[in-house]
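Read off the chains here:
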Amino acid sequence: MTVARGKAKYCVVDDGIEYPISDGRPMADNTRQFQWIVTIQGGIDALFKDDPNIFVAGDLLWYPRKGNTKIRRAPDAMVAFGRPKGHRGAYLQWVEGGIAPQVVFEVLSPKNTAAEMAGKQQFYDTYGVEEYYEYDPDDGRLTGWRRVGGRLQVIAQIEGWVSPRLGVRFGLRGRDLLLENPDGTPFLSYVEQARRREAAEAQLSAERERAEAERERAEAERERAARLAERLRALGIDPETV
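The rules behind the values
Residue numbers run consecutively from 1 along every chain, following the written order of its sequence. Selection of residues for local features in this predicted model requires a pLDDT of at least 70, selection of side-chain atom pairs for listing and counting requires 80 or more, and totals for whole chains, interfaces and linings are taken over all residues. Where side-chain values are given, they derive from all heavy atoms of the structure, hydrogens and water being excluded. The rule is short: rings of Phe, Tyr and Trp, with Trp giving its six-membered ring, pair when the centres are within 6.5 Å, and they are stacked under 30 degrees, edge-to-face over 60, tilted in between. Strands are runs of DSSP state E lasting at least 2 residues, helices are runs of H or I lasting at least 4, and numbering of each runs from the N terminus. Remark: exposure states derive from per-residue accessible area (1.4 Å probe, protein chains only) relative to the maximum for the residue type, with buried under 20%, exposed over 50%, and partly exposed in between. Any Lys or Arg side-chain nitrogen located within 4 Å of an Asp or Glu carboxyl oxygen qualifies as a salt bridge. Paired strands are those between which DSSP finds at least two bridges. An axis is simply a line fitted to the C-alpha atoms; with a helix, the fit covers only the stretch in contact. Between two such axes, the angle follows the N-to-C directions and lies from 0 to 180 degrees. In what follows, residue pairs with any heavy atoms lying within 4.5 Å of each other are defined as contacts. In this text, buried Ala, Val, Leu, Ile, Met, Phe, Trp, Tyr and Cys residues form a nonpolar core when linked through side-chain atoms within 4.5 Å. Given a helix with a known number of residues, its expected span is that number minus one, times 1.5 Å. In the analysis that follows, any N or O atom pair within 3.5 Å is treated as a polar contact, provided that within protein one partner can donate a hydrogen and the other can accept it, and provided that, for residues neighboring in sequence, both atoms belong to side chains.

(A) Fine view of the packing of aromatic side chains. Counted by the stated rule, this structure contains 14 aromatic pairs. Arranged with centres 5.5 Å apart and planes meeting at 80°, the rings of Phe48 and Phe81 form a pair that is edge-to-face. Here Phe48 is found in the loop between α1 (31–47) and β4 (54–57), whereas its partner Phe81 is found in strand β6 (residues 77–81), with 33 residues between them in sequence. Relative accessible area serves as the criterion here: at 13%, Phe81 is assigned to the buried category. Cluster of aromatic residues (ring-pair linked, three or more members): Trp62, Phe123, Tyr124, Tyr127, Tyr132 and Trp145.

(B) Molecular detail of the pattern of salt bridges. Taken as a whole, this structure holds 19 salt bridges when the rule is applied. With a closest N to O distance of 2.8 Å, Lys66 and Asp15 form a salt bridge. One end of the pair, Lys66, is in the loop between β5 (62–63) and β6; the other, Asp15, is in the loop between β2 (9–14) and β3 (17–20), and 51 residues separate them in sequence. We note that Lys66, like Asp15, is exposed. The salt bridge involving Glu221 is made with Arg224; its shortest N-O contact spans 3.0 Å. Of the two residues, Glu221 and Arg224 are both situated in helix α3 (residues 190–234); the distance of three residues between them amounts to about one turn of the helix. You can call Arg224 partly exposed: its relative accessible area is 41%. Taken together, the shared-partner salt bridges connect Arg25, Glu106, Glu116 and Lys120 into one network.

(C) Summary view of the sheet that holds strand β8 (residues 103–107). Pairing in this open sheet of six strands is mixed, and the strands run β4-β6-β8-β9-β10-β11 from one edge to the other. Sheet topology places β4 and β11 (151–154) at the edges, where each strand pairs with a single neighbour. Going across the sheet, the axis of each strand differs from the next one's by a mean of 15°, ignoring polarity. Note: strand β9 (residues 131–136) against strand β10 (residues 141–148), six bridges, orientation antiparallel. By the bridge assignment for β10, Tyr133 is matched with Gly144. Helix-sheet contacts for helix α2 (residues 114–126) involve β8, β9, β10 and β11, and the interaxial angle to β9 is about 165°.

(D) Here's a closer look at the nonpolar core. Judged by nonpolar contacts, the single largest core of 26 residues is most densely connected at Ile40, Ile44, Val79, Phe105, Tyr133, Leu166 and Phe170. Only α1, β4, β6, β8, β9 and β13 (176–180) provide two or more residues apiece to this core. Broken down by element, this core gets its largest block of residues, four residues, from α1. Apart from the residues within four sequence positions on either side, Phe170 is in contact with Phe105, Tyr133, Leu142, Ile158, Glu159, Gly160, Trp161, Ser163, Leu178 and Leu179. Ranked by size, the runner-up nonpolar core spans 18 residues in total, among them Ala57, Ala100, Met117 and Trp145.

(E) Region of interest: α2. Helix length check: α2 (13 residues) gives 18 Å between terminal C-alpha atoms against 18 Å at 1.5 Å per residue, within 8%. Taken as a whole, α2 has its buried residues at Glu116, Met117, Lys120, Gln121, Phe123, Tyr124 and Asp125. Buried-residue contacts for α2 involve β5, β8, β9, β10 and β11. With its phi angle positive at about 95°, Gly128 sits one or two positions after the end of α2.

(F) Representation of the environment of Glu96 within the structure. Examined against the element boundaries, Glu96 turns out to sit in the loop between β7 (91–92) and β8. Remark: the alpha-carbon pair of Glu96 and Arg83, spanning 13 residues in sequence, is separated by 6.7 Å. In contact with Glu96, other than residues within four places in its own chain, are Arg83, Arg88 and Tyr91. Here Arg83 takes part through its side chain, which lies 2.8 Å from a polar atom of the side chain of Glu96.

Written out as structure tokens, the structure is:
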């Protein structure tokens with residue numbers, strides 16, 4: 001399997017068949033949608049960074065059927081357990097041991113229609129996704145589906161829901177999506193991560209300054225006590241008896 005130039009400009013070639021690596025659509029239609037896609041994909045990737053057999057991707061075309069270049073979807077984020085990390089031009093399911101991504105996310109923009117999203121939900125239902133999550137950041141709507149009895153069924157109570165595959169807890173804070181790692185720490189945007197890192201570094205610096213000031217105060221106190229003891233001895237007084 002190789003990535004090469006073809007009729008579709010760039011494609012993955014498998015058994016002489018060209019699978020385009022782009023559907024010609026942008027990853028996001030606005031900055032809010034883009035931020036959430038990156039935050040979700042990055043948060044999951046970080047969560048499983050030490051497991052070499054969990055593949056996490058964003059906006060990657062998934063082809064479920066060999067030889068069919070028309071049946072495809074590019075989830076905003078997807079997770080494939082049992083597949084090695086690494087770069088791919090597209091996710092060809094038959095090359096990936098027949099494993100379909102078990103978890104997928106879609107982040108909506110105002111351009112997404114109900115019919116379009118219904119088509120995506122049907123695709124994920126048909127091709128074996130175990131968990132599908134849909135978030136609309138503009139109206140703060142979060143919906144999830146889980147495979148039960150061979151079909152994706154809506155999750156009745158999404159607030160506080162914990163993904164069986166990811167171990168991630170779902171919720172909303174106002175209109176904002178709240179995803180929490182198994183240890184309770186939230187998924188953060190890169191800007192939020194940078195702010196927290198800067199705050200932690202500032203706190204650590206302040207603690208070091210306080211510790212240094214305390215060390216200097218203690219040293220000054222020891223020196224003052226030593227000078228006082230020396231004066232007492234000069235007067236013939238044992239400082240230990242004072």
